Each structure stands twice: as C-alpha cells, then as structure tokens.
Amino acid sequence: MHDTTALLVELGAVILGLGLIGRVAGRIGLSPIPLYLLAGLAFGHGGLIPLKASEDFTMVGAEIGVILLLLLLGLEYSASELVTSLKTQYPSGAVDFVLNAAPGAVAALILGWGPVGAVALAGVTWISSSGVIAKVMTDLGRLGNRETPVILGVLVMEDLAMAVYLPLLTAMLAGVSLAGGSLTLLIALGTVGFVLYLALRHGRLISRAVSSDNPEMLLLVVLGLTVLVAGLAQQLQVSAAVGAFLVGIALSGEVAEGARKLLTPLRDLFAAVFFVFFGLSTNPADIPPVLLPAATLAVVTVLTKIATGWYAARRAGIGSRGRWRAGGTLVARGEFSIVIAGLAVAAEPRIGPLATAYVLILVIVGPLTARWTQPLAEKIQAVRGVKPGGPAVEAPPKSAPERRLGDHDELTPEHAGEARGD
C-alpha cells in the first residue's frame, strides 16, 4: 500500500476509533483517558496490530495535544486569579506537594531510577487531573458545595506549580549541569513573573491586539502565537507546555472566552491523540511486572490525596463531611501525569509502563473515591462512636476561578441539602 494511502487509512481508523471509545466512555460514565491508553497499548509496539504508517504523524499530534492542554488550562485563569490563589492557598499547596510528590520520589529511588526518575515520578503522583475532577463534580451535582472552592484552589496551585516544575524537569532530562539548571529555573520564574505582570497591568491591550470578530482569524492568531511561543520556550529549555500555559494566562476577557470555545474541540482531538501515542510507545508486556508497585503507589497516594483535601477544607472551616468529600474528589490522576511521564520516558523508559498502570488505576478509582469517601468515613466514625458532621460555617467567598466553573450550574433538589449541610 502506498505510504500516503496507508497513513490516511490508519489515521482515519484511529480518529474513528477514538470517537467510538469516547461515546462508550460517556455511556458508562467513565473518563475516556483509560480507554485511550488501552487503545494505544493494543495497537502499539508489542500490541495486536502495530500502527507504523501513522506513527510520525501521531507523534507530532501528541506534541500539539500537550500544547493545547496547557493553553486551555491557562485560558481558564486570569493573572489576578492566580495571584489571589497563590496568596490564600499556598499552605494547602505546600502540604499537597509534600504528601503526594514524596511517595513518587521515594518509589523511584527504591526502584533505582536515580534523581531524574525521582523528580519525574514525583510529578506523576503529585498532580491531580483537573479534567476528570471537574467532570466528577458536575456529575455528582457538587459545583455549589462549600468544599468546591477549596478543591479548585488546590488544583490552581498545582497548575501554577507546573510552570516551575516542568522547566526544572526538562533541564534535568536534558542533562544540564547544576548551574545550567539553575539558570533555566531562573528564566522560567522570571518569565512567569513577567507574564503575570504584563497580564495584570496590560492584559486588556494584549487581548485587544489578539482579538478579532472573525472566528477564523482569532483561531489562527491564537493557535499560531501559542505554537510559536511554545517552540521558543522549548528552545530555551523552559518547556513548550509552560510557554503555552503562559500564552493562555496573558489572554483574558472575551478573547479568552472566544478562544476557549474555538479551541476546545481541537484540544480534545489532539489530547486523545496524545494519550493514544503514549499507549503506542508502551509495550503491553512491560505492564504486568509493574502492576504491584503501581497498585502500591496508588493506594498510598489515594490516602495522601484524601489527607490533602481534608487539610485544605479544614483550613477553610468546612465541616467534616465536606472535608472527606474534598479529599475523595482530589484522588483522580490523568492528563498531566501522562504529560510528565511522556517527557521523562526518553531518559527513563521504565517510567512509561509504571505511569500507565498508575494512571489507569487512579482514573478509575478517582470517581469512586469522590462518591464514597464521605459515606465510608461516616460509617467508620459511627462504628467508633464518633458523631459525623461538623460545625456549620459560612461558605468562603468564591474567587473568580470558582465562579467560572459554577456560574451557570444549579444544584438539583437532592443535592441542595448536602451543599447547605456543612
């Protein structure tokens, strides 16, 4: 078969398969991420039918998927929102980092992966999945609950930390010296600070320069600018993903809203391609040997994430029911764990199978813990003779990121009492 013909046939089959997988996932109420990973495992190296003709195209599509994931993440927040979250949520962010990055780092050192593997696996276990968590909260009708601002605050802190973590990891993967790594980190911090300053002081001017009433022109300008900045960031070893994230932060108002609507379908397509590509690059035969360490790591980090959410909700004065719900909701890992593993797999190939198994476990377990952590905790407390619930407090004022998620969502009657309860 001609190379171009084979490429079109394979690519068409992949995209059609992703669409069907997404529909199946929606029917059963599951995130499509684990199904995308399984599809990649089935058709990658060592799978049932290896895809060869479309491998190069899929690799480029995967890079675009990462860039679009971070761009859309940046478009969700304005600079003022990030600064506000940084001021109010930094203790919870610090606890989140210590409790959830440490298990990954320790596991990597025990497995003999060295410092680079430790930093990479720490990121895999640290970052929760914003996409999966947002969907779970919507499905459970919890967008108006008292603990929701706390959950979103922790996620914002993680997203902001990515702007520092990714350049550091990229420098380590490139084998840069301590001095070079410090320079890269300083460049990253300086760039983040500069972009936040420009967005705070001159955000309207930037958005006005990019704005267009023509959707086609807006799409081309925003996408072109993002890919260009991502490429320049990669050249400076700051990470293409961070460059895309900063472009998203710099845009605000109607421009950000319009770009988000235009780019969301494109992001979903290329993000799916990214997950498939990660699965394609992982040999299924490598998964069974790492199932035990992946499951052990999953159990440990389920507990540490629940502890993180409980602590963050307690700081905000939320009652015990809301604390348990917050902890259970934060458990899911997904897109960013795979992004980090995808960056590190060239330097430490063993991280690919472990990260795949780990994410597969937690992207399935996450929605279950979100639903059942609080009822289970109350049953345990009842057995021990502890009265469930907690002092009722006023809900903390919603900051802008939280309003964006909940402005157009109303609680159903069966959840209204739950939202008022603590």
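Structure shown above.
Residues numbered from 1 in each chain as written. Predicted model: local features only at pLDDT ≥ 70, side-chain atom pairs only at ≥ 80, totals over all residues. Heavy atoms only, no water.

### Here's the deal with the side chain of Q89
Link 1 in the chain: Assignment of secondary structure puts Q89 in helix 4 (residues 79–110).
Link 2 in the chain: On the basis of relative accessible area, Q89 is assigned to the buried category, the value being 14%.
Link 3 in the chain: Ignoring anything within four residues of it in the chain, the contact list for Q89 reads P149, G153 and M157. (Helix = DSSP H or I, 4+ residues; strand = E, 2+ residues; numbered from the N terminus. Buried < 20%, exposed > 50% of the residue type's maximum accessible area, 1.4 Å probe, protein only. Contact = heavy atoms within 4.5 Å.)

### A closer look at the packing of aromatic side chains
Link 1 in the chain: Scanning all chains against the criterion turns up 4 aromatic pairs.
Link 2 in the chain: Note on W126 and Y165: the rings are 6.0 Å apart at their centroids and 90° apart in plane angle, and the pair reads as edge-to-face. With W126 in helix 5 (residues 114–126) and Y165 in helix 7 (residues 148–173), this pair connects stretches of sequence that are 39 residues apart.
Link 3 in the chain: Judged by centre distance (6.3 Å) and plane angle (55°), the ring pair of W310 and W324 falls under tilted. (Phe/Tyr/Trp six-rings, centres within 6.5 Å; stacked < 30°, edge-to-face > 60°.)

### Some words on the side chain of T125
Link 1 in the chain: Within the secondary structure, T125 is located in helix 5.
Link 2 in the chain: We classify T125 as buried; its relative accessible area is 0%.
Link 3 in the chain: Here the side chain of T125 touches G104 through a polar contact of 3.5 Å, landing on its backbone nitrogen.
Link 4 in the chain: In contact with T125, not counting residues within four places along its chain, are N100, A101, G104, L297, T301, R333 and Y358. (Polar contact = N/O pair within 3.5 Å; in protein donor to acceptor, adjacent residues only side chain to side chain.)

### Structural notes on the nonpolar core
General note: in soluble globular proteins, nonpolar side chains tend to be found buried as a group.
Link 1 in the chain: By size, the foremost hydrophobic cluster in this structure holds 111 residues, and its most contacted members are L70, L71 and L121.
Link 2 in the chain: Those residues in contact with L71, other than ones at most four positions away along the chain, are V222, T226, A244, F245, V247, G248 and L263. (Core = buried A, V, L, I, M, F, W, Y, C linked by side-chain atoms within 4.5 Å.)

### Quick word on the environment of A346
Link 1 in the chain: Inspection of the secondary structure assignment puts A346 in the loop between helix 14 (335–344) and helix 15 (351–383).
Link 2 in the chain: Counting along the chain gives 173 residues from A346 to L173, while the straight-line C-alpha distance between them is 8.4 Å.

### Description of the pattern of salt bridges
Link 1 in the chain: Here the structure, examined in full by the defined rule, presents 7 salt bridges.
Link 2 in the chain: Salt-bridge contacts for R325 lead to E147; the nearest nitrogen and oxygen are separated by 2.9 Å. With R325 in helix 13 (residues 320–329) and E147 in the loop between helix 6 (130–139) and helix 7, the pair connects residues that are 178 residues apart, well separated along the chain.
Link 3 in the chain: We note a salt bridge from D268 to R267, for which the minimum N-O separation is 2.9 Å.
Link 4 in the chain: A residue is classified by how much of its surface remains accessible, and D268, at 41% relative accessible area, is partly exposed.
Link 5 in the chain: One network of salt bridges, in which partners are shared, links D96, E158 and K305. (Salt bridge = Lys/Arg side-chain N within 4 Å of Asp/Glu carboxyl O.)

### A closer look at the packing of helix 3 (residues 55–75) against helix 11 (residues 253–280)
Link 1 in the chain: Put simply, helix 3 and helix 11 touch, their axes get as near as 6 Å, and they point 140° apart. By the angle between their directions, the pair helix 3 and helix 11 is classed as oblique. Read as a crossing pair, helix 3 and helix 11 show a hand that is left-handed.
Link 2 in the chain: Along the lines of polarity and charge, the residues of the contact of helix 3 with helix 11 split into 19 nonpolar, 4 polar and 3 charged. (Axes fitted to C-alpha atoms, helices over the stretch in contact; angles between N-to-C directions. Parallel < 35°, antiparallel > 145°, perpendicular 65-115°, else oblique. Left-handed = near helix turned anticlockwise from the far one by under 90°. Nonpolar A, V, L, I, M, F, W, Y, C, P; charged D, E, K, R; others polar.)

### Looking at the packing of helix 11 against helix 14
Link 1 in the chain: Contact pair helix 11 / helix 14: the axes reach a minimum separation of 11 Å and the direction vectors enclose 50°. Relative to helix 14, the element helix 11 lies oblique. Where helix 11 crosses over helix 14, the two elements pack in a sense that is left-handed. On helix 14, the residues touching F274, F275 and F278 of helix 11 are E335, I338, V339, A341 and G342.
Link 2 in the chain: Residues belonging to the contact of helix 11 with helix 14 are distributed by class as follows: 6 nonpolar, 1 polar and 1 charged.

### Re the environment of G74
Link 1 in the chain: Counting through the fold element by element, G74 comes out in helix 3.
Link 2 in the chain: With 169 residues separating them in the primary sequence, G74 and G243 have C-alpha atoms 10.0 Å apart.

### Topic: helix 11
Link 1 in the chain: For helix 11, spanning 28 residues, the distance from its first C-alpha to its last is 39 Å, which sits close to the expected 40 Å at 1.5 Å a residue.
Link 2 in the chain: Along helix 11, the helix axis deviates most sharply at L263, where the bend reaches about 40°; the proline P265 sits within four residues downstream. (Expected span 1.5 Å × (residues − 1). Bend = angle between axes of the 7 residues up to and from the residue.)

None of this, on its own, says anything about what the molecule does.
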